[in-house]
Amino acid sequence: MGYLSATSALLGSDIISEVFTLLGVPISITQTTMGGILGLSFRSYGPDVKNQLKQVTRGWLTSPIIAIISSLAAFGVLKSILGL
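Thresholds, definitions, all that
- Residues numbered from 1 in each chain as written.
- Predicted model: local features only at pLDDT ≥ 70, side-chain atom pairs only at ≥ 80, totals over all residues.
- Heavy atoms only, no water.
- Helix = DSSP H or I, 4+ residues; strand = E, 2+ residues; numbered from the N terminus.
- Rg over C-alpha atoms; globule rule 2.2 N^0.38 Å.
- Contact = heavy atoms within 4.5 Å.
- Patch = residues over 30% accessible without salt bridge, like charges linked within 9 Å, V, L, I, M, F, W, Y side chains within 5 Å.
- Areas by Shrake-Rupley, 256 points an atom, 1.4 Å probe, with all protein chains shown as cover.
- Salt bridge = Lys/Arg side-chain N within 4 Å of Asp/Glu carboxyl O.
- Expected span 1.5 Å × (residues − 1).
- Polar contact = N/O pair within 3.5 Å; in protein donor to acceptor, adjacent residues only side chain to side chain.
- Axes fitted to C-alpha atoms, helices over the stretch in contact; angles between N-to-C directions.
- Parallel < 35°, antiparallel > 145°, perpendicular 65-115°, else oblique.
- Left-handed = near helix turned anticlockwise from the far one by under 90°.

*Asks:* Please clarify how the overall build of the protein chain should be interpreted in this entry.
*Replies:* Each helix and strand in the protein chain was counted, giving three helices and zero strands. Listing each helix as α and each strand as β along the protein chain from the N terminus yields α-α-α. For the protein chain, whose C-alpha radius of gyration is 18 Å, the value lies well above the compact-globule estimate of 12 Å for 84 residues. By its C-alpha atoms, the protein chain is 55 × 35 × 20 Å across when sized along the principal axes.

*Asks:* Honestly, the side chain of Ser 17 in this entry has me stumped. Any pointers?
*Replies:* If you trace the backbone, Ser 17 turns up in helix H1 (residues 3–23). Dropping the residues within four chain positions of it, Ser 17 is found in contact with Ile 27, Ile 29 and Thr 32.

*Asks:* Would you mind going over a nonpolar patch on the surface with me for this structure?
*Replies:* A cluster of nonpolar residues, Leu 11, Ile 15, Ile 16, Val 19, Leu 23 and Val 25, forms a patch on the protein surface that exposes about 520 Å² of accessible area. With respect to the helices and strands, Ile 16 occurs in helix H1.

*Asks:* Help me understand helix H2 (residues 29–41) in this model?
*Replies:* In an α-helix, one turn spans 3.6 residues, which is why side chains three or four residues apart end up on the same side. With 13 residues, H2 should cover 18 Å at 1.5 Å per step; its first-to-last C-alpha distance of 19 Å lies within 8% of that length. Structurally, H2 contributes buried residues whose contacts are with H1 and helix H3 (47–82). With a side-chain oxygen positioned 3.2 Å from the backbone nitrogen of Thr 30, the residue opening H2 is Ser 28.

*Asks:* How should I be thinking about the packing of H2 against H3 in this particular structure?
*Replies:* Each packed pair of helices is defined by two parameters, the angle between the axes and the distance between the axes. Where H2 meets H3, the axes come as close as 11 Å, and the angle between the chain directions of the two elements is 165 degrees. For the element pair H2 / H3, the angle class is roughly antiparallel. The element H2 and its partner H3 pack so that their crossing is left-handed. Of the residues in H3, those in contact with Gln 31, Met 34, Leu 38 and Ser 41 of H2 are Val 49, Gln 52, Leu 53, Val 56 and Trp 60.

The following block contains the structure:
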């Protein structure tokens with residue numbers, strides 16, 4: 001990715017983050033940056049980009065569920081250890 005592509009991906013990410021912040025919608029900077037990078041790769045859509053989109057979608061769908069389960073497990077362990 002060249003300077004122009006990287007700059008446009010980050011600029012698009014920043015604009016979307018600001019708009020969502022003004023609307024009061026919580027959004028991850030990582031998501032907007034990844035979206036900008038993937039958006040630029042649509043210029044040469046091929047099998048590699050399709051695989052990347054599948055992997056990113058899987059990660060975005062599974063990571064919140066895994067985080068919920070692991071945080072509840074950690075809370076249970078800490079609660080039992082500390083006796084609260």
